Amino acid sequence: MTDAQDLRRRTAELLAAHPPATTDRLEFLRARFDAGLAWVHFPAGLGGLDAPRSLQAVVDAELAAAGAPDNDPGRIGIGLGMAAPTVLRFGTDEQKKRFLRPLWTGEEVWCQLFSEPGAGSDLAALATRAVRDDEGGWVVDGQKVWTSSAHLARWAILIARTDPDVPKHRGISYFICDMTDPGVEVRPLRQITGEAEFNEVFLTGVRIPDAHRLGAVGEGWKVAQTTLMNERVAIGGARAPREGGMIGVAAADWRARPALRTHDLHQRLLKLWVDAEVARLTGERLRQQLSPTLNSVRAGGAPTGQPGPEGSGMKLAFARLAQEISGWEVEFLGEDGLTYDDWTMRRPDGVDFTGREAGYRYLRAKGNSIEGGTSEVLLNIVAERVLGLPPEPRTDKDVAWKDLPR
C-alpha cells in the first residue's frame, strides 16, 4: 500500500524530472497524471496509485510548496467532480484511457446536459430523445438548460430518453456528447450577476456513437445517480482550510472595520463561523469515508468510494451558509456592500466567490440553492434516504413516460 512517505518520494522524483520553473505547464500536468499523482485514489495507469483518498493532500502540499502549476480546478470542476467519477465507474477501458487524462489536465473541458425546461427538479421526467440510427449509434434531439461552462466545453455528460414506453426512471440512457457537433447550439443565459456562466443547449440531430454510451441502455438513471451524488459532494464538500472560503472573507471584513461592528452582527457572525467549521469538518469526515478499501477493489467494487445520499446534506449546508454569510456581509458593509464592479455581459471561465466584491457574492449565492439539486429536492432525499422517513406519495412511478401529463 502506498503511504505518505512513498508519495513524497514520488513527488520529489516528478519535480526533479520536470522542474516547474522550466517545464511547460501542460507538459508538467501530463507528467503528473502519468506518475499517478493527479488523484492518488484512482487506479494505477489512470492518474492514480490505488492509494487512500486522504493522501492526496500530501501530494498537493508538496507541489504547492515547489510552485508547481495546478490544473485550474475552478475552470474544469464539472469534469473533475462529476464526469471523471462516472467514467471511472461505468466507462469501458477504452473510454477511461481516452477521456480521463485530458479531462484532468484541462485540455478538454466538460459540461453537464441534465436539466431541461420541463425537467429540472423532476429530472427523470426529461424529454430529450435518443433514437437508434441505422448504424447502431444514436440520434439525439432536445433541449437542456442551466448548463454551466457549455460555451467552453469539448465534451458533455448527457442523459436522454431511449424508451418512452416504460416508467420515467427506467427509459433513460447515459451518453458522452461531442459539443463540437454541428447539431449542438449553445446560447448564453444572463444571470442576476450580469454574467452568463450558464447556458441553454439545443440538440438537433446530434449523432452519438454507441461507443460513447456509459452503462447499459435504459439504465441511465443508475449512472446519473453516481454523477449527482458526486456533484453534491464536489459542491458542498470541497476541501478548505479553517476559516476558508466565504466565512474567511466575512471574518476579514469584521477584523478590518471595527467602526461597523455591533453586538447583533457579532453574535450572528460567531454562529456562522461555527456552522462553517462544522460543515468543513463534516466534509472532511465524508471524504475519509469515501476512501476505498483494497478488499473492495479486489472484489470487483468501484475503484473509488462512491458518495451516498449524505452528500445531499453537505450541499444543503453549503447553499444555506453561502446565502446567510453573503447576506451578513452586505448588511455589515452598509453602503459599501451595495457597490458592484461591472454589469457588463460576459461569459466567464468559472465562479469566484472570494475574489470579488460582496454584492457579487450576495447575488451569485442565490443560485446555490438551485444548482446541483434544489434544496427542496435534497431535503426529500435526506429525509427518505438518510433519516428513513416515509416517502411522499408518488402516482407516476409505475406509469409509462409517454402517458404522463405534460
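Source: prediction; values computed, not measured.

*Asks:* Just checking my understanding: could you explain the overall build of the protein chain for this structure?
*Replies:* Each helix and strand in the protein chain was counted, giving 12 helices and 8 strands. Relative to the 2.2 N^0.38 estimate, which gives 22 Å for 406 residues, the radius of gyration of the protein chain is 22 Å and therefore close to what a compact globule would have. Overall, the C-alpha framework of the protein chain stretches about 70 × 55 × 45 Å when taken along its three principal axes. For the protein chain, the accessible area works out to roughly 18900 Å², and carbon and sulfur atoms hold 53% of it. In the protein chain, the 50 positive side-chain charges and the 56 negative ones have mean positions that sit 3 Å from each other.

*Asks:* Looking at this model, I keep getting lost on the environment of Leu103. Mind explaining?
*Replies:* Mapped onto the elements, Leu103 comes out in helix H5 (residues 93-105). The class for Leu103 is buried, based on a relative accessible area of 1%. Spatially, the C-alpha atoms of Leu103 and Arg154 are 9.7 Å apart, while their sequence positions differ by 51 residues. Not counting the four nearest positions on each side in its chain, Leu103 is found in contact with Trp39, Ile76, Gly79, Leu80, Ala83, Ala84, Glu108 and Trp110.

*Asks:* Please clarify how the packing of aromatic side chains should be interpreted in this entry.
*Replies:* Each aromatic ring pair is summarised here by two numbers: the centre-to-centre distance and the angle between the ring planes. Counted according to the given criterion, the structure contains 12 aromatic pairs. Between Trp39 and Phe42, the aromatic rings sit 4.2 Å apart at their centres with planes inclined by 20°, giving stacked as the arrangement. Per residue, the accessibility class of Trp39 equals that of Phe42, and both read buried. Relative to Trp155, the ring of Phe99 lies with its centre 5.1 Å away and its plane at 80°, an arrangement referred to as edge-to-face.

*Asks:* Can you help me understand helix H7 (residues 245-256) in this one?
*Replies:* At 3.6 residues per turn, the α-helix brings residues three or four places apart onto the same side. Look at H7: 17 Å from first C-alpha to last across 12 residues, which is about the 16 Å you get at 1.5 Å a residue. Where the residues of H7 are buried, they touch helix H8 (263-289), helix H10 (310-333) and helix H11 (358-364).

*Asks:* Would you mind showing me how to read the environment of His151 here?
*Replies:* Tracing the backbone shows His151 in the loop between strand E3 (138-144) and strand E4 (155-161). Given a relative accessible area of 22%, His151 falls into the partly exposed group. Among all residues touching His151, those that are not within four sequence positions of it are Val186, Ala196, Glu197, Asn199, Arg347 and Pro348.

About the cut-offs
Residues numbered from 1 in each chain as written. Predicted model: local features only at pLDDT ≥ 70, side-chain atom pairs only at ≥ 80, totals over all residues. Heavy atoms only, no water. Helix = DSSP H or I, 4+ residues; strand = E, 2+ residues; numbered from the N terminus. Rg over C-alpha atoms; globule rule 2.2 N^0.38 Å. Areas by Shrake-Rupley, 256 points an atom, 1.4 Å probe, with all protein chains shown as cover. Lys, Arg positive; Asp, Glu negative; His and termini not counted. Charge placed at Lys NZ, Arg CZ, Asp CG, Glu CD. Buried < 20%, exposed > 50% of the residue type's maximum accessible area, 1.4 Å probe, protein only. Contact = heavy atoms within 4.5 Å. Phe/Tyr/Trp six-rings, centres within 6.5 Å; stacked < 30°, edge-to-face > 60°. Expected span 1.5 Å × (residues − 1).

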